[in-house]
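Listed below, chain by chain, are the residues.
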Amino acid sequence: MYIVSSCLAGINCRYDGKSNENKFVIELVKQGKALPVCPEVLGGLPIPRTCCEIIADKNGNKSVIGKDGRDYTTEYELGAEKTFEIAKIVGAKKAILKSKSPSCGCGLIYDGTFSGRLIEGNGLTAELLIRNGIDVYTENNCNNL
Ligand code: SF4
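Residues numbered from 1 in each chain as written. Predicted model: local features only at pLDDT ≥ 70, side-chain atom pairs only at ≥ 80, totals over all residues. Heavy atoms only, no water.

Engineer: What am I meant to see in the side chain of K98 here?
Structural biologist: With respect to the secondary-structure elements, K98 resides in the loop between β5 (94-97) and β6 (108-110). Owing to a relative accessible area of 16%, K98 belongs among the buried residues under this scheme. Of note is the side chain of K98, whose polar atom sits 3.3 Å from the side chain of E139. (Helix = DSSP H or I, 4+ residues; strand = E, 2+ residues; numbered from the N terminus. Buried < 20%, exposed > 50% of the residue type's maximum accessible area, 1.4 Å probe, protein only. Polar contact = N/O pair within 3.5 Å; in protein donor to acceptor, adjacent residues only side chain to side chain.)

Engineer: Before we go on, may I ask you to explain the sheet that holds strand β8 (residues 135-138) in this structure?
Structural biologist: Hydrogen bonding along the main chain pairs the strands of a sheet, whether they run parallel or antiparallel. Read across the open sheet, the four strands follow the order β2-β1-β5-β8; overall the sheet is parallel. Each edge of the open sheet is held by one strand with a lone partner, namely β2 (34-37) and β8. In this sheet, adjacent strand axes meet at a mean angle of 25° when their direction is disregarded. Note that strand β1 (residues 2-5) and β5 share three bridges and pair parallel. Residue I3 lies in a different strand from β5, and its bridge partner there is A95. (Pairing = 2+ DSSP bridges. Axes fitted to C-alpha atoms, helices over the stretch in contact; angles between N-to-C directions.)

Engineer: Would you take a moment to explain the packing of helix α3 (residues 73-90) against helix α4 (residues 124-131) for this structure?
Structural biologist: The geometry of a pair of packed helices is captured by two quantities: the angle between their axes and the separation between those axes. Running from N to C, α3 and α4 point in directions that differ by 40°, and their axes come no closer than 8 Å. Here α4 runs oblique to α3, going by the angle between their axes. For the element pair α3 and α4, the recorded crossing hand is right-handed. Each of Y76, E77, G79, A80, E81, T83, F84 and A87 in α3 lies in contact with α4, whose residues at this interface are L124, T125, L128 and L129. Looking at the contact of α3 with α4 residue by residue, the classes come out as seven nonpolar, three polar and two charged. (Parallel < 35°, antiparallel > 145°, perpendicular 65-115°, else oblique. Left-handed = near helix turned anticlockwise from the far one by under 90°. Contact = heavy atoms within 4.5 Å. Nonpolar A, V, L, I, M, F, W, Y, C, P; charged D, E, K, R; others polar.)

Here is the structure:
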């Protein structure tokens, strides 16, 4: 069983109320091989919601800050924990998560300046899954799974 980002499965759960429909992911879900999860909604955030990015201080401590200046780290951490709980329940060893997201992004994320610039890093959910031995892919490198 795969954990997949709900927005890739065509669910309108993005911060702007839209989705990132991906045919490969939708087919996995239809075949019963993938479970769609949205960490930010699991963390208690609404749809639509404030756009957020990860900011790291000089000690490497990460916060998730909204465009409104509010600190949303607690909600993002809760969403990551809930997603990992679900992954454990269904025995998921792999996940396909939406690239660049402060929750789901894997390898590259926005740099915290809301300017569209990317830096190396993972979203909070991707990071937690990887640390616990789950292989995380994005919509950009999942086609050979
Ligand atoms: Fe998609 Fe993940 Fe953002 Fe939810 S948290 S909208 S699943 S990228």
